[in-house]
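Spelled out, the chains give:
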Protein chains: 2
Amino acid sequence: MNLSINLHLKDTDLPLYRQIYAEIRQAIVSGRVTAGMRLPATRRLAAQLGVARVTVAQAYAQLEAEGLVVSRVGAGTFVAEMLRQVIAGEETAVFKPTLSDWGQRVASLPVARNRVGDNRGLIDFGFGRSFPHTFPYDIWRRLLARYLSTDDAMLSRYGSVAGFYPLRQALATYLSQWRGVVCEPEQVVIVSGAQQALDLLARLLLPSGSEVVVETPGYTDAYALFQVHGAHLTALPVDDEGILVDRLPAASEAKLLFVTPSNQFPRGGTLPLARRLALLQWARRHDALIVEDDYDGELRYDSQPLGALQGLDRDGRVVYLGTFSKVLFPALRLGYVVLPEVLVRPFLQAKSLLDRGAPTLMQAAVADFMAEGHFERHLRQLRQTYGARREVLENALRDQMGDRVSWTAVAAGLHIMLRLQPHEDEAAIMRRAAEAGVVVYPGSVYYVERPSPPAVLLGFSGLNEADIEEGVRRLAAILT
Amino acid sequence: MNLSINLHLKDTDLPLYRQIYAEIRQAIVSGRVTAGMRLPATRRLAAQLGVARVTVAQAYAQLEAEGLVVSRVGAGTFVAEMLRQVIAGEETAVFKPTLSDWGQRVASLPVARNRVGDNRGLIDFGFGRSFPHTFPYDIWRRLLARYLSTDDAMLSRYGSVAGFYPLRQALATYLSQWRGVVCEPEQVVIVSGAQQALDLLARLLLPSGSEVVVETPGYTDAYALFQVHGAHLTALPVDDEGILVDRLPAASEAKLLFVTPSNQFPRGGTLPLARRLALLQWARRHDALIVEDDYDGELRYDSQPLGALQGLDRDGRVVYLGTFSKVLFPALRLGYVVLPEVLVRPFLQAKSLLDRGAPTLMQAAVADFMAEGHFERHLRQLRQTYGARREVLENALRDQMGDRVSWTAVAAGLHIMLRLQPHEDEAAIMRRAAEAGVVVYPGSVYYVERPSPPAVLLGFSGLNEADIEEGVRRLAAILT
């Protein structure tokens, strides 16, 4: 039986022989033709397609090299007999994965919120993003170009799992000078983000079924990770000054506390010294590790950034997490972790199993950006720009909303959490806001307890001041 | 009691008040001073340091904002009483981590080989790296610059967990045209490298104690990951054509096979059609998933790249892994995985827990690099450059070594595995080679069985042709 070939050559860059090969291959492996069938003679197919005979011959040669066809002298070219089992043999047995326990817990998570919705034309109080006009891309281009040279072998090798050393040095200096972190460069490890660091710490330190102490409301992305890992959460409420340490359970098996002392996420508020000391004392008594997520502590408006909890720790039981997402740009995907010395080696061994370090080019550019003073200049600029927007937002809220909402004064960061009155319907407000051209974000998802109190999050870093005012005006018209 | 302060102001960019603040803070939190101590009067410290009084006052204000000192009108500024518990209270209780089972398995791994040794001046047959002079950095700079503009909001938002969509499209087209992969862009997910993909697959699909079928010698980095995950390996030997499928166990609980059919790693060899079909049939009978690692299949020298195993699969039970490390540059840290449709959702849910996607800028540049034809041009150039080096290496080996070594003809890839005679001592040869100024890499580490046969790996992509010949000459003088 002869194979009749119905080829459609396309106008692409792909060489003609490659198109012919690909079409025939696809016909064979998809089961549309039968093992043993004869392919058209090269001369005939070439004439049919209007191509040179050598082009068809080249396609057949490639098919033969892969064993898909067999040519027999004087008889022609045939679809390989051994393909019978693929083509006409067993029924397909479509693969249906059986998920592990971990996989089942992952699969039961709500599908990730899409963070890149197309909200053009709307007043979008998105948060966790930066404002492109504030970033000095010209400097960045120049720094990148330094390493994009054929004379530089750096990019042609794998980088260090722990990160580009000059960046670790620059961070150790910066963190000790500006964040009160006590560390050597060797304790600084570059990660793709806080989630990677938390995943590695959970896998290294938490047997399934462990207890983890967290804040509520809090950074639920981290909590999902702990829960999928099999941990149980003990969630402590927060007030305007952060986590309520007097609620720390006296008897507890928790081996890990996750806190945001510099600027409680997402409610806002800075943990005072007495509470910090109480946290450390509790951790010491329970031999627990504290993870301090300092996701935006350098964006503090009315005072200098406060020193990190890590700097008060004398036992080596605080892990400090930081990120460049908020202060450079999110798409950079660079974060860092400062580890107690005893955790450096196991952390790096775990990390080297899973990745081989962040892209060197980006790390090198950030290292130079820091070492040459651009970073501090950029931070000053951000504090000024975002500080002004924060003020516009808080003023507008006070003027327009009165006491229909409450919030913790924004001392730092890029968003505000508006706590709504208990009778308000968060989802309805978001929907009606969207109808009025304003995008705000759900707050209840950050609470561990159910039902969660209604709240919305408003980021102010991505909007100009006029839009902030107009957005608040429209939002105020919606609240009852 | 008064605190005597012995400050050393340094000549840095750090503001003076910040230096004073940092020194005093450090003295306090490190326990060098006692709670209740009085700080020197601002006037006196200013005179002592030769700075303005306002500078010292600013430092004290920051310390007070953090609660570390308390000022009492008319009396002065005192180290906070509440710090007594940190300073003079309990003994430090240094944190000693208790590792989980996973953590203990990780900690027992040998420390990662350092891939960035300083071998300047030596003839270094390093592999897994690219040769900087072959990469068109000028084009790359131009592509990156397109997105490094303050008008472009792309970088100021989080990217997609699955990857930059235009890159997924470009890959789907390329993989179907040149690698015989059958997929939609939605099945292509950008990862930081093969290890990330394998980690997610293992966690999603393999309960602890699972069996995984692998090749020996093989890609032991992947095997370490499976083993740390708690899996048991069934390792099948390979010959010059890849994995010996007739050794596949008839009775097996294995749910995952890890294979390198395009170019067996590290031995070399291309799996013929009959063995590919046998693999698929075995996987179907055992309802197993096949992971096809196509780490360098596009660098094939004497023929076009062969179609992927994935393209022969009609059940959706092959996961295809690819990387840009070999064909662009390793420090890029971009790989990709083509998933069966049923695995896309759980894979993305798992990935979104752990990271928020690869850096957008790099992905955008690679997408344009592919879409605008640079990638295929670059591959042609690499095949030519590396193909010539491969020939020089194989010729030199034949001329200099005779039958003292054996190897599988290099049809693809960037290295060669020299199998040594059983009486040779691999470590001694590496050591003596280094003494002769030649760096070669251990081969026995890629075998699962112990004791492993002696072998060395020689990468040829990072050396020019003269160095390749000279390196082989020196190496030949060492072998017995």
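Heads up: the structure comes first, above all this text.
What comes next is a walk through the structure. Since we're looking at a predicted model, the values are computed, not measured. (Residues numbered from 1 in each chain as written. Chains lettered and ligands numbered in written order. Predicted model: local features only at pLDDT ≥ 70, side-chain atom pairs only at ≥ 80, totals over all residues. Heavy atoms only, no water.)

Moving on, we get to the pattern of salt bridges. Residues and elements named next belong to chain B. Inspection of every chain in the model, using the stated rule, returns 34 salt bridges over all chains. Here aspartate 199 and arginine 203 are joined by a salt bridge, their closest N and O atoms 3.4 Å apart. One end of the pair, aspartate 199, and the other, arginine 203, are both in helix α8 (residues 194–205), four residues apart, so they sit about a helical turn from each other. Taken individually, aspartate 199 and arginine 203 each receive the classification buried, so the pair is uniform in this respect. (Salt bridge = Lys/Arg side-chain N within 4 Å of Asp/Glu carboxyl O. Helix = DSSP H or I, 4+ residues; strand = E, 2+ residues; numbered from the N terminus. Buried < 20%, exposed > 50% of the residue type's maximum accessible area, 1.4 Å probe, protein only.)

The next subject is the sheet that holds strand β13 (residues 415–420) of chain A. Residues and elements named next belong to chain A. Read from one edge of the open sheet, four strands run β12-β13-β16-β15, paired in antiparallel fashion. Looking at strand neighbours, the two that pair on one side only are β12 (405–406) and β15 (441–442), the edges of this open sheet. Bridging between β15 and strand β16 (residues 455–459) involves two bridges; their strand directions are antiparallel. Bridge pairing in β16 places proline 442 opposite valine 456. Along the sheet face, helix α13 (residues 374–401) touches β12, β13 and β16 and points at about 20° away from the line of β13. (Pairing = 2+ DSSP bridges. Contact = heavy atoms within 4.5 Å. Axes fitted to C-alpha atoms, helices over the stretch in contact; angles between N-to-C directions.)

Trp140 and Phe324 of chain A together with Trp140 and Phe324 of chain B are the most contacted members of the largest nonpolar core, which totals 154 residues. Residues within four places of tryptophan 140 of chain B in sequence aside, it is in contact with Leu148 of chain A together with Phe135, Phe329, Leu332, Met362, Ala365, Val366 and Phe369 of chain B. Listed in part, the 96 residues of the second largest apolar core include Phe265 of chain A together with Leu99, Phe265 and Tyr295 of chain B. (Core = buried A, V, L, I, M, F, W, Y, C linked by side-chain atoms within 4.5 Å.)

Note on interface size: it is often stated as the accessible area lost on association of the parts. Listed per partner, the contact involves 128 residues of chain A and 128 residues of chain B. A buried area of about 11300 Å², summed over both sides, lies between chain A and chain B, and 59% of it is on carbon and sulfur atoms. Taken together, the connections running from chain A to chain B amount to four salt bridges. Inspection of the region where chain A meets chain B yields 35 residue pairs in polar contact (both at pLDDT 80 or more). Ranked by the residues each element gives to the side of chain A that touches chain B, the list is headed by helix α11 (residues 341–354) of chain A, at nine residues. Across the side of chain A that touches chain B, the residue classes tally to 70 nonpolar, 32 polar and 26 charged. (Buried area = accessible area lost by both parts, 1.4 Å probe. Polar contact = N/O pair within 3.5 Å; in protein donor to acceptor, adjacent residues only side chain to side chain. Nonpolar A, V, L, I, M, F, W, Y, C, P; charged D, E, K, R; others polar.)

Superposition record for chain A on chain B: RMSD 0.1 Å, screw rotation 180°, translation along axis 0.0 Å. Within this description, the copies of the chain are treated as partners about a two-fold rotation axis. (Least-squares fit on C-alpha atoms with pLDDT ≥ 70 in both.)

Before going further, it helps to spend a moment on the pairing of strand β8 (residues 256–259) of chain B. Taken residue by residue, a regular strand's side chains alternate between the two faces of the sheet. Residues and elements named next belong to chain B. Side chains of β8 alternate between two faces, with Leu256 and Phe258 and Leu257 and Val259 buried alike. As paired strands, strand β5 (residues 211–216) and β8 are joined by two bridges and run parallel to one another. Paired with valine 213 across the two strands is leucine 257, which belongs to β8. One ladder, built from four bridges, connects β8 with strand β9 (residues 289–293); its direction is parallel. Paired with leucine 256 across the bridge in β9 is leucine 289. Crossover connection from β8 via helix α10 (residues 273–285) to parallel β9: handedness right-handed. (Right-handed = clockwise from strand over helix to strand, strands pointing away.)

A few words now on the side chain of arginine 317 of chain A. Mapped onto the elements, arginine 317 of chain A comes out in the loop between β9 (289–293) and β10 (318–323). For arginine 317 of chain A, a relative accessible area of 1% translates into the label buried. Of the polar contacts made by the side chain of arginine 317 of chain A, one reaches the backbone oxygen of alanine 93 of chain B; its length is 2.7 Å. Residues within four places of arginine 317 of chain A in sequence aside, it is in contact with Ala283, Arg284, Asp287, Ala288, Leu289 and Ile290 of chain A together with Ala93, Val94 and Phe95 of chain B.

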